[in-house]
Amino acid sequence: MERENPASRAEAAANEPRIVIEDVQPRLESGRFAAKAISHRASRIHARIFSDGHDKLAAEVAWRESKGQPWQKTPLQALGNDHWEAHITPTQVGRTEFIVLAWIDSYASFRYELEKKYAAGQVVDLEFREGIELLQHVLQTAPEDCESELAQIVRELQGSEEREARFGLLMAPRTLEVMQRAEHRPYLTRSLTFELDVERPLAEFASWYELFPRSESSVPGQHGSFADVHRRLPDIAAMGFDVLYFPPIHPIGRQHRKGRNNSLQAGPDDPGSPYAIGSEEGGHDAVHPQLGTLEDFRDLVGAAREHGLEVALDFAIQCSPDHPWLREHPGWFSWRADGTIRHAENPPKKYEDIVNVDFYAPDAVPDLWMGLLQVVLGWVEQGVNLFRVDNPHTKPLPFWEWLIAEVRREHPQVIFLAEAFTRPAMMARLGKVGFSQSYTYFTWRNTKQELEEYFTELNQSPLRDCYRPNFFVNTPDINPYFLQRSGRAGFLIRAALATMGSGLWGMYSGFELCEADPVPGKEEYFDSEKYQLRQRDYHAHGNIVGEITRLNRIRRENPALHSHLGFQAYRAFNDNILLFGKRTADLSNFILVAVSLDPDNAQEADFELPLWEFGLPDDASMGGEDLMNGHRWTWHGKRQWMRIEPWHLPFGIWRLHPET
């Protein structure tokens with residue numbers, strides 16, 4: 001085999017890119033995954049671009065919203081120190097591709113040097129000649145839409161002998177614009193192709209309300225139905241919620257059915273856990289007969305839409321021992337050495353009423369995978385476009401990446417919420433493989449330091465590009481210790497933190513009534529609705545419906561609150577008061593939030609009003625508006641003071657208005 005010589009290697013090296021494009025953002029694992037984006041909202045594209053020497057560079061983002069569509073081009077602007085950025089705004093839900101391109105801008109380099117020499121009074125006749133030759137060279141390959149204009153400029157330069165006229169023509173905006181359109185791009189370099197996963201706005205800004213339809217009957221002790229939920233729709237919509245989320249609504253198994261408070265012995269009237277899915281009445285594609293029919297469900301979905309609500313369903317893959325799949329597809333499950341089915345376990349916990357499928361069982365691929373896909377697509381046909389997925393971190397990541405891609409291939413509007421309380425890397429990975437949003441650690445972040453650090457982390461790469469946090473304040477599974485001991489003020493504290501901290505938040509019914517009766521020593525509800533009916537008087541004394549309604553209205557009216565992004569912690573000189581701001585990129589909407597983390601005592605603090613964010617001096621004035629009550633005033637100077645009394649309202653939400 002002939003060995004390459006130095007000359008051959010030199011030629012190969014000379015063909016390598018002369019311009020460096022690196023640190024392209026947003027980018028996840030070198031482009032392995034698509035970064036998250038929202039339709040009709042600008043996405044920032046950033047790169048570091050540089051080359052040898054002093055030539056001027058130019059760069060652009062080429063992007064298209066789906067394969068087969070024409071590429072759009074957006075120039076990148078130099079920020080200094082080799083940083084470049086542009087903003088693109090996809091309008092279609094789906095995948096948007098983008099590439100960063102850079103080249104030596106010969107004409108910009110020429111103009112820069114000519115301008116300096118001309119201003120210094122140097123003789124530039126040779127530069128004029130070189131400029132004409134450059135334009136003539138570009139003219140040879142110029143596209144038709146600028147060929148005639150460029151030729152005319154060349155003729156004007158050749159026909160003029162006046163120094164000032166030539167200089168003026170070479171520096172004219174008209175000439176620059178034509179040369180840019182001519183796309184003369186020596187040493188053109190391209191990045192890899194990256195993708196944005198563009199979703200509809202509800203994927204980043206929504207308020208979720210969870211209820212069990214079976215508890216909604218107006219008759220005490222009677223199993224509720226879809227028809228009963230209709231009665232609640234006006235009140236839920238009036239509170240400002242966008243999503244109405246149901247735990248599983250399927251038939252519930254009889255074998256090993258759980259009784260009240262997770263008892264192993266169920267009484268004859270105990271409804272069982274809705275997560276023990278499947279009985280002789282059907283499985284994941286059926287509805288519990290006491291709730292109604294599929295037609296009744298479709299009617300409810302339509303009625304909810306009329307109230308501005310989308311219905312979300314729980315996608316819980318586990319099965320009861322009575323599920324039809326065990327008879328029809330026993331090869332989809334794990335069986336023990338003695339021939340018995342393997343029940344779900346999380347030692348020392350054992351879930352006697354459910355069994356799990358085995359994704360890699362001999363008969364499972366592709367039949368089980370396709371069966372689960374058909375379950376989701378079936379509910380999409382019923383009008384469901386949002387799914388809260390139960391424990392996705394206990395199922396294979398390749399399965400989720402495949403399933404979500406298959407669903408969104410034909411139905412890009414579908415949104416998946418991951419109920420994943422697990423390790424950080426796994427939670428982030430679920431976002432990368434396609435989950436639109438996720439449950440979070442917010443539930444267990446209570447101190448000022450914990451909250452500041454967590455909110456800041458969610459705003460930084462890589463999480464900002466792959467993970468949208470949904471701040472649920474409680475769930476049927478989690479009755480937080482903080483709420484168990486903090487009373488009404490504690491519920492208002494957590495509601496304010498959730499609604500102001502993220503564009504996505506959720507609550508499980510009963511939160512508005514400040515329900516917190518626990519199983520002693522556990523973060524669980526006593527008389528849990530997972531195992532029994534829990535009918536409520538939603539207008540009971542002490543409710544916080546009014547405050548929740550106002551918080552949701554504030555969110556809707558202020559674009560700064562439509563995302564978890566834009567968070568910035570500020571100084572309040574009291575560890576019991578969290579002070580932070582949320583702002584739009586142009587500062588036209590700036591919200592300042594102060595939350596006392598002490599539900600029992602009044603707290604006071606000096607704090608710094610962030611005048612510097614607006615480029616104002618420390619002694620400037622700033623207009624303020626209390627968004628909870630509409631009161632307006634003017635602050636004078638950076639150093640201010642506050643007092644928060646939890647028995648009135650444990651937080652303040654202020655919109656800032658710079659005074660001219």
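Fair warning: this is a prediction, and the values are worked out from it, not measured in the lab.

Conventions adopted
- Residues numbered from 1 in each chain as written.
- Predicted model: local features only at pLDDT ≥ 70, side-chain atom pairs only at ≥ 80, totals over all residues.
- Heavy atoms only, no water.
- 1 Å grid on protein atoms, 1.4 Å probe; cavity = no way out; pocket = protein on both sides within 12 Å on 5 of 7 lines; lining within 4 Å.
- Points joined across faces, edges and corners; volume = space filled by probe spheres on them.
- UniProt positions renumbered as here; feature names shortened; annotations may be inferred.
- Helix = DSSP H or I, 4+ residues; strand = E, 2+ residues; numbered from the N terminus.
- Buried < 20%, exposed > 50% of the residue type's maximum accessible area, 1.4 Å probe, protein only.
- Contact = heavy atoms within 4.5 Å.
- Phe/Tyr/Trp six-rings, centres within 6.5 Å; stacked < 30°, edge-to-face > 60°.
- Lys NZ or Arg CZ within 6 Å of the ring centre and 35° of its normal.
- Polar contact = N/O pair within 3.5 Å; in protein donor to acceptor, adjacent residues only side chain to side chain.
- Pairing = 2+ DSSP bridges.
- Axes fitted to C-alpha atoms, helices over the stretch in contact; angles between N-to-C directions.
- Right-handed = clockwise from strand over helix to strand, strands pointing away.

1. What about empty space enclosed by the protein?
In the structure shown here, the tally under the stated rule is 5 cavities of 30 Å³ or more. The volume enclosed by the largest cavity comes to roughly 100 Å³. Taken together, F212, P213, R214, H223, P247, P248, I249, H250, I252, P274, H288 and L291 make up the full set of residues lining the largest cavity. Counted as a void, the second largest cavity has a volume near 50 Å³.

2. Section: the UniProt feature "site: Transition state stabilizer" (unreviewed entry) in the protein
Within this numbering scheme, the UniProt entry marks D477 as carrying the feature "site: Transition state stabilizer" (unreviewed entry). Examined against the element boundaries, D477 turns out to sit in the loop between β19 (470-472) and α15 (481-501). You can call D477 partly exposed: its relative accessible area is 29%. The residues touching D477, leaving out its near neighbours within four places in the chain, are R388, E419, E523, E524 and K530.

3. Structural notes on unusual backbone geometry
Residue P26 follows Q25 across a cis peptide bond; omega there is 0°. For the peptide bond that leads from V365 to P366, omega is 5°, which places it in the cis range. Looking at the secondary structure, you find P366 in the loop between β15 (349-355) and α10 (367-381). At H256, a position not held by glycine, the phi torsion is positive, near 55°. Of note, H256 is situated in the loop between β12 (243-246) and α8 (294-306). We classify H256 as partly exposed; its relative accessible area is 44%.

4. Digging into the packing of aromatic side chains
In this structure the tally under the stated criterion is 38 aromatic pairs. Ring centres of F297 and W379 lie 5.4 Å apart, and the angle between their planes is 80°; on these two criteria the pair is classed as edge-to-face. Here the residue F297 occupies a position in helix α8, and W379 occupies one in helix α10, the gap between them amounting to 82 residues. With a centroid separation of 6.2 Å and an interplanar angle of 85°, the aromatic rings of F315 and W400 are classed as edge-to-face. Residue F315 is located in strand β13 (residues 310-315), and its partner W400 is located in helix α11 (residues 397-410); the two are separated by 85 residues in the primary sequence. As far as burial versus exposure is concerned, F315 and W400 are alike and both buried. The rings of F315, F359, Y360, W369, F387, F399, W400, W402, F416 and F435 are connected pair by pair, giving a single aromatic cluster. The ring centre of Y112 lies 4.1 Å from the NZ or CZ of K56, which sits over that ring. Looking at R494, its charged tip hangs above the ring of F442, at a distance of 4.2 Å from the centre.

5. Quick word on the UniProt feature "active site" (unreviewed entry) in the protein
Under the UniProt annotation, "active site" (unreviewed entry) lies at D390 and E419. Taken together, the annotated residues stretch across 30 residues yet fold into one region, lying no more than 5.4 Å apart by C-alpha. A relative accessible area of 7% places D390 in the buried class. Non-local contacts of D390, meaning those with residues more than four positions away in its chain, are made with Y275, D314, F315, A316, Q318, K395 and E419. Of the polar contacts made by the side chain of D390, one reaches the side chain of Q318; its length is 3.4 Å. For E419, the location among the structural elements is in strand β17 (residues 415-419). Overall, the relative accessible area of 6% leaves E419 in the buried class. For E419, the contacting residues outside a window of four places in its chain are R388, V389, D390, N391, P392, H393, Y439 and D477.

6. A look at the pairing of strand β4 (residues 57-64)
Of all 8 residues that make up β4, 8 are buried, and the element is covered over most of its length. Of the two faces of β4, the one lined by L57, A59, V61 and W63 and the one lined by A58, E60, A62 and R64 are each fully buried. Where β4 meets strand β8 (residues 94-104), 8 bridges bridge the pair, whose relative direction is antiparallel. Residue A59 lies in a different strand from β8, and its bridge partner there is A102. The pairing of β4 with strand β5 (residues 72-75) spans 4 bridges and is classified as antiparallel. Opposite E60, over in β5, you have P75 as the bridge partner.

7. A look at the sheet that holds strand β21 (residues 567-570)
As summarised here, the arrangement of the 6 strands in space is β21-β22-β23-β28-β25-β26, forming an open sheet in which the pairing is antiparallel. In this open sheet, the two strands that pair with only one neighbour each are β21 and β26 (632-636). Neighbour-to-neighbour, the strand axes of the sheet open up by a mean angle of 30°, direction not taken into account. Of the strand pairs in this sheet, strand β23 (residues 590-596) and strand β28 (residues 651-658) are connected by 5 bridges, and their pairing is antiparallel. Following the sheet pairing, V593 is matched in β28 by I653.

8. Section: the pairing of strand β16 (residues 386-390)
Judged by how many residues are buried, β16 sits mostly within the fold: 5 of 5 residues are covered. Burial along β16 is two-sided: L386, R388 and D390 facing one way and F387 and V389 facing the other are all buried. Pairing of β16 with β17, which is carried by 5 bridges, proceeds in the parallel orientation. If you follow R388 over to β17, its bridge partner there is L417. The handedness of the β16 to β17 crossover, carried by α11, is right-handed.

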